[in-house]
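Structural characterization, general
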Amino acid sequence: MNDFPAFAFSTVAHIVSELGATRKLGELVRARFPSAQRVLLVTDPGFLKTGLVQAPADSLAAAGFHVKIYSDVVADPPEAVVLAAVAAARGHASDVVIGLGGGSSMDVAKLIAVLAGSEQPLSAIYGIGNVQGQRLPLVQIPTTAGTGSEVTNIAIVTTGETTKMGVVAPQLYADLAILDAELTTGLPPMVTAATGIDAMVHAIEAYTSRHKKNPLSDMLARQALGLLSRNLIPACENGGNLAARQAMLLGAMLAGQAFSNAPVAAVHALAYPIGGIFHVPHGLSNSLVLPHVMRFNAPAAAPLYAELAAIVVPHAEGSVEARSEALIVAMQQIAIISGIERSLQQVGIAESDLDRLADDAMLQTRLLGNNPRDVSRADARAIYAAAL
Ligand SMILES: NC(=O)c1ccc[n+]([C@@H]2O[C@H](COP(=O)([O-])OP(=O)(O)OC[C@H]3O[C@@H](n4cnc5c(N)ncnc54)[C@H](O)[C@@H]3O)[C@@H](O)[C@H]2O)c1
Ligand SMILES: [Fe+2]
């Protein structure tokens, strides 16, 4: 076995992690795009209501940009929302797109940047590597510490009633990502917990990914998990704890870099149908199935889980299996302490729904192929039953 397998690694070229950085957003964007004039700030009504859009927007205006705030993104954006946003960018003749929000706003910003100046329809770019040509300049500013979308090459769209599809392409890497905890202090505790657990899942699944796991993604996943596990509960308990908030943003970003190169697996595959059919937020869907997928994976992944246990629960001792189980319990405890839902029944799912969930999960072949252990339909149903 080759100890140094070949690998490739890509990420966003410029990252600014600085408290208060978005108050000088205009300068940061001007420095990178000297001749740009018209900025589209892409967000959603929930974030708009916080009033935190104002300072970055004012800073852009002060730097000479014409700013349009587009705030019609909805969570888990459906195709119609993406298409309306693209039309708004064309109408505004935007020459810079800035995603300012959670994964939903940042994913829509990516698709605007790709589609606004292109002839390609949205339907033609689903899948891997199907985006043609260049995109508009793109800046990403996360306001949840979760998806890591600011540094990933992925955008997720809700297609039809219940299914989600991904666009994966190198053009989706932004030009600049900015991490500023001042934007995240108002994030409610439950959303902080669910999005933070999503970020932890990114790190865990990247570290155990079957195909593209590599020394860089491993290093990032480990660093991410340390930051996230130490700061998630403090950020939930005191939303104004800026140090914990900045650490969460950094952890989520590092986890995003990891899973953008060593992709996520069965936790996400089983979470997507929960979000798609029952409209459960992405992070919570992941959290609900996480311990049950990990227990299923343990026969194959215990040695790697034990390595991660050394970061999350450093006092855990015993066999590889015992330390692997300690990591799983630690993840359950984070969910318990934060008070988020812990069973499928709590989010309105019944035993009679499990067959449909299992059928839908099996369609996520891209993700299931990365899982450290093969997942059959019967396995998927049994995992959902354990999570019920
Ligand atoms: N592109 C990727 O790499 C990637 C990875 C994982 C998930 N996703 C996608 O990202 C989406 C989920 O993103 P998310 O979990 O960040 O949630 P989100 O963007 O859907 O936002 C969730 C809610 O939080 C509110 N909110 C956001 N920031 C806030 C703040 N600072 N203060 C107060 N309220 C705030 C929003 O208004 C919204 O109501 C899903 O569509 C998911 O499929 C993308
Ligand atoms: Fe995720």
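Residues numbered from 1 in each chain as written. Chains lettered and ligands numbered in written order. Predicted model: local features only at pLDDT ≥ 70, side-chain atom pairs only at ≥ 80, totals over all residues. Heavy atoms only, no water.

**Brief notes about the nonpolar core**
Ranked by internal contacts, the top residues of the largest apolar core, which has 117 residues, are Val42, Ile112, Ile197, Leu232, Leu270, Leu344 and Tyr384. The leading source of residues in this core is helix 10 (residues 282–312), at 13 residues. In contact with Leu344, other than residues within four places in its own chain, are Ile274, Leu288, Ile349, Leu354, Tyr384, Ala387 and Leu388. Grouped together as the second largest cluster of nonpolar side chains are 22 residues, Leu41, Phe47, Val96 and Ile141 included. (Core = buried A, V, L, I, M, F, W, Y, C linked by side-chain atoms within 4.5 Å. Buried < 20%, exposed > 50% of the residue type's maximum accessible area, 1.4 Å probe, protein only. Helix = DSSP H or I, 4+ residues; strand = E, 2+ residues; numbered from the N terminus. Contact = heavy atoms within 4.5 Å.)

**Things to note about the pattern of salt bridges**
Across all of its chains, the model carries eleven salt bridges by this definition. Between Asp374 and Arg210 there is a salt bridge, with the nearest N and O atoms lying 2.9 Å from each other. With Asp374 in the loop between helix 13 (365–368) and helix 14 (377–387) and Arg210 in the loop between helix 6 (189–207) and helix 7 (215–237), this pair connects stretches of sequence that are 164 residues apart. Its relative accessible area of 57% is what places Asp374 among the exposed residues. Here Arg295 and Glu325 are joined by a salt bridge, their closest N and O atoms 2.6 Å apart. Of this pair, Arg295 sits in helix 10 while Glu325 sits in helix 11 (residues 320–338), placing them 30 residues apart in sequence. The class for Arg295 is partly exposed, based on a relative accessible area of 33%. The class of Glu325 is partly exposed, set by a relative accessible area of 32%. Look at the salt bridges and you will find they share partners, linking Glu351, Asp355, Asp359, Arg377 and Arg381 into a network. (Salt bridge = Lys/Arg side-chain N within 4 Å of Asp/Glu carboxyl O.)

**Topic: the sheet that holds strand 8 (residues 163–168)**
Sheets are built from strands paired through backbone hydrogen bonds, the pairs being either parallel or antiparallel. Pairing in this open sheet of three strands is mixed, and the strands run 5-8-7 from one edge to the other. Of all strands in the sheet, those bounded by a partner on one side alone are strand 5 (127–128) and strand 7 (154–159). Strand direction decides the pairing type here: strand 7 and strand 8, joined by six bridges, are antiparallel. From the neighbouring strand, Thr158 faces strand 8, where its bridge partner is Lys164. (Pairing = 2+ DSSP bridges.)

**A word on the packing of aromatic side chains**
Within this structure, the stated rule accounts for zero aromatic pairs. When the ring centre of Phe65 is taken as reference, the NZ or CZ atom of Arg30 above it lies at 3.9 Å. (Phe/Tyr/Trp six-rings, centres within 6.5 Å; stacked < 30°, edge-to-face > 60°. Lys NZ or Arg CZ within 6 Å of the ring centre and 35° of its normal.)

**Brief notes about the site of ligand 1**
If you check the shell around ligand 1, you find 28 residues, and the closest are Ser104, Thr143, Thr144, Thr152 and Ile154. Within the side chain of Asp44, an N or O atom sits 2.8 Å from an oxygen atom of ligand 1. Backbone polar atom of Leu183 to a nitrogen atom of ligand 1: 2.8 Å apart, as the coordinates give it. Taking 870 Å² as the accessible area of ligand 1 by itself, protein coverage stands at 88%. When contributions to the shell around ligand 1 are tallied by element, the ones reaching two or more residues are helix 2 (45–49), helix 5 (103–115), strand 7 and helix 6. Looking at the shell around ligand 1, its residues break down into eight nonpolar, 15 polar and five charged. (Near = heavy atom within 4 Å. Polar contact = N/O pair within 3.5 Å; in protein donor to acceptor, adjacent residues only side chain to side chain. Areas by Shrake-Rupley, 256 points an atom, 1.4 Å probe, with all protein chains shown as cover. Nonpolar A, V, L, I, M, F, W, Y, C, P; charged D, E, K, R; others polar.)

**Focus: the pairing of strand 7**
With six of six residues buried, strand 7 is to be regarded as a mostly interior element. Going residue by residue along strand 7, you find Ile154, Ile156 and Thr158 tucked away on one face and Ala155, Val157 and Thr159 tucked away on the opposite face as well. Between the antiparallel neighbours strand 7 and strand 8 lie three residues, among them Gly160 with a positive phi of about 60°.

**Considering the layout of surface pockets**
Think of a ball as big as a water molecule: rolled over the atoms, this probe shows where empty space is left. By volume, the second largest pocket is sized at about 330 Å³. Taken together, 19 residues make up the lining of the second largest pocket; nearest its centre are Lys164, Met165, Gly166, Leu363 and Gln364. Broken down by secondary-structure element, the contributors of at least two residues to the lining of the second largest pocket are strand 5, strand 8, helix 9 (266–278) and helix 13. Ranked by the residues each element gives to the lining of the second largest pocket, the list is headed by strand 8, at five residues. (1 Å grid on protein atoms, 1.4 Å probe; cavity = no way out; pocket = protein on both sides within 12 Å on 5 of 7 lines; lining within 4 Å. Points joined across faces, edges and corners; volume = space filled by probe spheres on them.)

**Brief notes about unusual backbone geometry**
The phi torsion at Ala93 lies on the positive side, around 55°, for a residue other than glycine. Relative to the elements of secondary structure, Ala93 occurs in the loop between helix 4 (79–92) and strand 4 (96–101). Under the relative-accessibility criterion, Ala93 is labelled partly exposed at 45%. Here His279, not a glycine, exhibits a phi torsion of approximately 55°, which is positive. Mapped onto the fold, His279 is located in the loop between helix 9 and helix 10.

Interpretation in functional terms is not warranted from these geometric data alone.
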